[in-house]
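Examining the three-dimensional arrangement
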Amino acid sequence: MARGTRAVQVATAIWLVMAATNAAEAQSRAVSRPNLIYADGPVAVDVNGSTFVNHGLQGVGRISASTRDFLGDTLGSFSSLAIDLTSWRRNGAGYSGTLYTLPDRGYNDPSGGLFSDYAGRLNRFTLTFVPEPGANLPQATASQRQITLTPNGGIVLADANGQRFSGLDPSTGTTVQLGRVLPSAATGPSAGRISLDAEGLARRLDGSFYVSDEYGPNIYYFNARGQLQGMLGIPDAFRPVTNGQLNFNSLTPPDTGRRNNQGFEALSLTPDGRSLVTILQSATLQDSGPGQQQRANTRILVYDVSTNPTPSAPVRGYALQLPIYRDNGDGGAPNRTAAQSEMLALNDTQFLVLSRDANGLGTGNTTPIVFKSVLLVDIGGATNLAGTAFDGTTPIAPGGVLRSDIRPAQSTELVNLLNPVELGRFGMNLNTNPATRTTLSEKVEAMGLVPVLSELAPNDYFLLIGNDNDFLTRQGVVNGEAYDAGIENDSIILAYRLTLPTYVDPYSLSVMKRTAPIVLQGLGGATLGYAASAIQGVQDHLSALRRGTGLAGPWSQAGGVWVGGSFLFADQPRNGGLPLDRTILQGSAGVDLPLDGPWRAGVAVGGGSGSLNRPGGFRQEHSAFTVSGYAGYYDPDFYVQGIVGGAPDIALDRIARPAAYGLTASARTAASALALDVEAGRPFRIGDFGLTPFVGLTHLAGRVDGFTETGAAGNNVAYRGLNVFQTTTRLGAELAFYGFGDVIPSLRVAYNLATGPQGSNGFARLASVQNVLAGASIPVAFLRDDFVSVGAGLQGSLTEQLGWRVDYLASVGTRAGVGHGVTVGLRYQW
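Residues numbered from 1 in each chain as written. Predicted model: local features only at pLDDT ≥ 70, side-chain atom pairs only at ≥ 80, totals over all residues. Heavy atoms only, no water.

- Where an unreviewed UniProt entry is consulted, the chain appears under the name Outer membrane autotransporter barrel domain-containing protein, with the organism given as Methylobacterium pseudosasicola.

**A word on the domain arrangement of the chain**
- Domain boundaries assigned for the chain yield domain 1 (30-503) and domain 2 (517-557 + 628-829).
- Centre-to-centre separation of domain 1 and domain 2, based on C-alpha positions: 59 Å.
- The interface of domain 1 with domain 2 comprises 17 residues on the first partner and 15 residues on the second.
- The largest contributions to the domain 1 side of the interface with domain 2 come from Leu453, Glu455 and Pro458, which together make up 34% of the buried area.
- Connecting domain 1 to domain 2 are zero salt bridges.
- At the junction of domain 1 and domain 2, the tally comes to seven residue pairs in polar contact (both at pLDDT 80 or more).
- If you tally residues by element for the side of domain 1 that touches domain 2, the top one is strand 4 (residues 80-91), at three residues.
- Of the residues in the side of domain 1 that touches domain 2, the class split is eight nonpolar, five polar and four charged. (Domains from an automatic or database assignment. Contact = heavy atoms within 4.5 Å. Buried area = accessible area lost by both parts, 1.4 Å probe. Salt bridge = Lys/Arg side-chain N within 4 Å of Asp/Glu carboxyl O. Polar contact = N/O pair within 3.5 Å; in protein donor to acceptor, adjacent residues only side chain to side chain. Helix = DSSP H or I, 4+ residues; strand = E, 2+ residues; numbered from the N terminus. Nonpolar A, V, L, I, M, F, W, Y, C, P; charged D, E, K, R; others polar.)

**Examining the sheet that holds strand 12 (residues 218-222)**
- Reading across from one edge, 10-11-12-13 is the order of the four strands in this open sheet, with antiparallel pairing throughout. Among the strands making up the open sheet, the edge pair consists of strand 10 (198-203) and strand 13 (228-231). Taking each pair of neighbouring strands and ignoring which way they run, the sheet shows an average axis angle of 25 degrees.
- Pairing analysis gives five bridges linking strand 10 to strand 11 (residues 209-213), with the strands arranged antiparallel. Bridge pairing in strand 11 places Leu201 opposite Val211. (Pairing = 2+ DSSP bridges. Axes fitted to C-alpha atoms, helices over the stretch in contact; angles between N-to-C directions.)

**As for the nonpolar core**
- Met512, Ile650, Leu652, Tyr719 and Leu766 are the most contacted members of the largest nonpolar core, which totals 52 residues.
- Per element, the largest residue contribution to this core is 16 residues, and it comes from helix 3 (residues 506-548).
- If you look at the next biggest cluster of nonpolar residues, it comprises 35 residues, including Val45, Phe52, Leu418 and Leu498. (Core = buried A, V, L, I, M, F, W, Y, C linked by side-chain atoms within 4.5 Å. Buried < 20%, exposed > 50% of the residue type's maximum accessible area, 1.4 Å probe, protein only.)

**Some points on the pairing of strand 5 (residues 94-102)**
- Counted residue by residue, strand 5 has eight buried out of nine residues, so it is predominantly covered.
- Here strand 4 pairs with strand 5 via eight bridges, running antiparallel. In the sheet register, Leu81 faces strand 5, and the bridge partner there is Thr101.
- Between strand 4 and the antiparallel strand that follows it, strand 5, lie two residues; Gly92 among them carries a positive phi value of about 65 degrees.
- Bridge analysis of strand 5 against strand 6 (residues 121-129) gives seven bridges, and the strand direction is antiparallel. Each bridged residue has a counterpart across the sheet, and for Tyr100 the counterpart in strand 6 is Arg124.

**Here we look at the packing of aromatic side chains**
- Inspection of every chain in the model, using the stated rule, returns 21 aromatic pairs.
- Pairing Tyr634 with Tyr639 gives two aromatic rings, centres 6.4 Å apart and planes at 10 degrees, and the pair type is stacked. With respect to burial, Tyr634 and Tyr639 carry one shared label: buried.
- Between Phe737 and Phe740 the ring centres are 4.9 Å apart and the planes differ by 70 degrees, which places this aromatic pair in the edge-to-face class.
- On the accessibility criterion, Phe740 (54% relative accessible area) is exposed.
- An aromatic cluster of three or more residues is present, and its members are Trp88, Tyr95, Phe129 and Phe462.
- Sitting over the face of the ring of Phe763, Arg720 holds its NZ or CZ atom 4.2 Å from the ring centroid.
- Over the ring of Phe694 we find Arg748, and its NZ or CZ is 4.0 Å from the ring centre. (Phe/Tyr/Trp six-rings, centres within 6.5 Å; stacked < 30°, edge-to-face > 60°. Lys NZ or Arg CZ within 6 Å of the ring centre and 35° of its normal.)

**A few points about the confidence of the model for the chain**
- Residues at a pLDDT of 70 or more form 93% of the chain, whose mean pLDDT is 91.
- Confidence drops under a pLDDT of 50 for residues 1-25, and excluding neighbours within four residues, the segment shows five contacts in the predicted structure.
- Taken together, the stretch residues 571-579 has pLDDT below 50 and engages in 38 contacts with residues farther than four places along the chain or on a different chain. (pLDDT = per-residue confidence, 0-100.)

**So, the sheet that holds strand 40 (residues 717-719)**
- The strand order 39-40-43-44 describes an open sheet built from four strands, whose pairing is antiparallel. Sheet topology places strand 39 (707-708) and strand 44 (775-781) at the edges, where each strand pairs with a single neighbour.
- For strand 39 and strand 40, the ladder comprises two bridges, and the chain directions are antiparallel. Considered in strand 40, the bridge of Thr708 is made with Ala718.
- Helix 3 contacts strand 39, strand 40, strand 43 (759-766) and strand 44 of the sheet and is inclined by roughly 35 degrees relative to strand 44.

**Description of the pattern of salt bridges**
- Here the structure, examined in full by the defined rule, presents 35 salt bridges.
- For Arg62, the salt bridge identified is with Asp490, shortest N-O distance 2.8 Å. Here Asp490 lies in the loop between strand 29 (481-483) and strand 30 (491-499) and Arg62 lies in strand 3 (residues 50-63), a separation of 428 residues in the sequence. There is no split in this pair, since Arg62 and Asp490 are both buried.
- The partner of Glu734 in a salt bridge is Arg547, and the shortest N-O contact between them spans 3.0 Å. Taken as a pair, Glu734 in strand 41 (residues 722-737) and Arg547 in helix 3 lie far apart in primary sequence, 187 residues in all.
- By relative accessible area, Glu734 is classed as buried at 6%.
- Sharing partners across several salt bridges, the network here consists of Arg546, Arg547, Asp677, Glu679, Arg730, Glu734, Arg748, Arg805 and Asp807.

In structure tokens form, the structure reads like this:
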């Protein structure tokens, strides 16, 4: 009894400690005074064994608030942005690319009931950027000159009926499209059109994209032309319900679900494109308390979009605790939540999250700016809430306090925007009393990552941070109607340089997965090619030797030495279907001796070199020497022979791969190979003809050493060693004609059965990245199909002791074409 009681006491104590630990961890960061930093140099943080570095502000760009977009409306700036990574290039000291930006619902004043029937759209820009890290510029709008944005059209969003989306508040109105109840203005010319308050943008490499909105909140999926393809399923926990009914308005708070104007503010695809991640701007109503600082426990949702771009439910969900702050920064108790405004997925568990206060240029008040930071969020150890009662209206944070049995995501500050030293270098400030045109904007809401493309710093990226200017200009136009917002709030982009060791660049990863198999195929094919060359010269010599037994002369009656050479082009039987152009020039020499009776044995050495090219910028050069030994039994009515050979040192040089961002990766490595060949046949003499049916087997094996590329910065790929094997069996016949004296023409035909294996598996990873998502298993195909080999030859004698041969061999019916080659040889016997 005492022992059991003691066990209960210990278990209770452990539970209390764990609960207390969770409760202690489940605390939002509290900021009472302006969170200023004055660092004028790199700032590093360590997270889970990796060091992340903020190297500081590198440049700023500015677009006038009065700029018009491609539809003639005032340019709404950046609720979100996305770089077309395929367009990003480094040009000397500068960079260029195509930028897509997402405006929200148009000019509005909810307190006055003013909303715009603003068509949803993406704006497109040509972006150029010349970093200026040592700048010391005056307080003037002209100082924000490092980034230039040139409007270049855009994409209009269209719903399932081909209608434009509308920025109007839906009030109590709804519409139904694709089987879903969606927000829509109940009356007027926009009735039936989907109301959209766009906030998040996630763009796929194929040009299709996702947009999240706040009214629903919803996540819409569009093709590259902006046509709606579908919507993701949203858990009931987030859907705004009033008196038991869906109510999507943005003015009157619902009973449960998302807060007004606090929907899915952030959206990002993981680098492998398999998951879509979204974050609610702040806590749901049921996860909040009465104070503004009690809405800090927001939610992260993760959807699996690997096979279905519009899944019906998330597969993972987590709690994220946002910072809380004192709105006037006077040191008092926090009374606000620093809601998040944007996110970027670094990998499948770590995200950059932009958390901010509501102070700065655009608010119209003199309250100091207190908090605007980019957080590094890690969900690796957090509690998965998906598929539980929390997908419904069961709160994860009753009264705004996170439940003790829920472990939230880890969060660390990585970039603090409130650095007056850095901002001052580029002519900007944090002044709000009064604010100036160069004061940091209230709503920093957009982020994008592009690589620095430095071989010396492969994990360095530029983080682009843009503001949402709320269409605030004194010369505004929406749908042809002019307005005066009473302030000029320009669109701004700030560029920070970061070292991100765990970030998996999606474009680099995609290009790696597409190009690494071709590199490995070429290397493996060359390795097997040299394995084959170790026995090919011997095979040709022995074939000629056997055919010579049909003459009365002493062609194969004594010992001898021989030399041979071959030129092989498009060695297609081993290319696995890839259109590779391979050339090999090789030679061999040997000596063989008669043994007892019909037995013979010999040794040979050889060497060769060649190259491989493929359209698109792939290239390899290779060279090797080979050794082999052989023996056989040669009776007039039967023969059997065996060859063992190999290439102990294959040099694989000048390997070139087209990498991402217009770069070329280079490398060199080495390989080794072994080969075994056996063949048996039964010669028949029919008049002047000799017919020899035969069977044979060839086994090739090779090992390509692991290596790492250079020249492509964060694109460089590290390859693990590759083992390659190939076995073929053959059944055929050889016909020789002895009616031309000592000149013997011959024809050889064989069916070659690919008995396996048909490929191998390699492994490649982005060399500098510290994350498992940066690696991939790479299938490497080799001989996939059976093929027919056809050969024709001539041989003869120059003297009684000196013979010659010329052969042509083609492989027909391979997956990608015909491989062919020419061999020549001489034999001197004594």
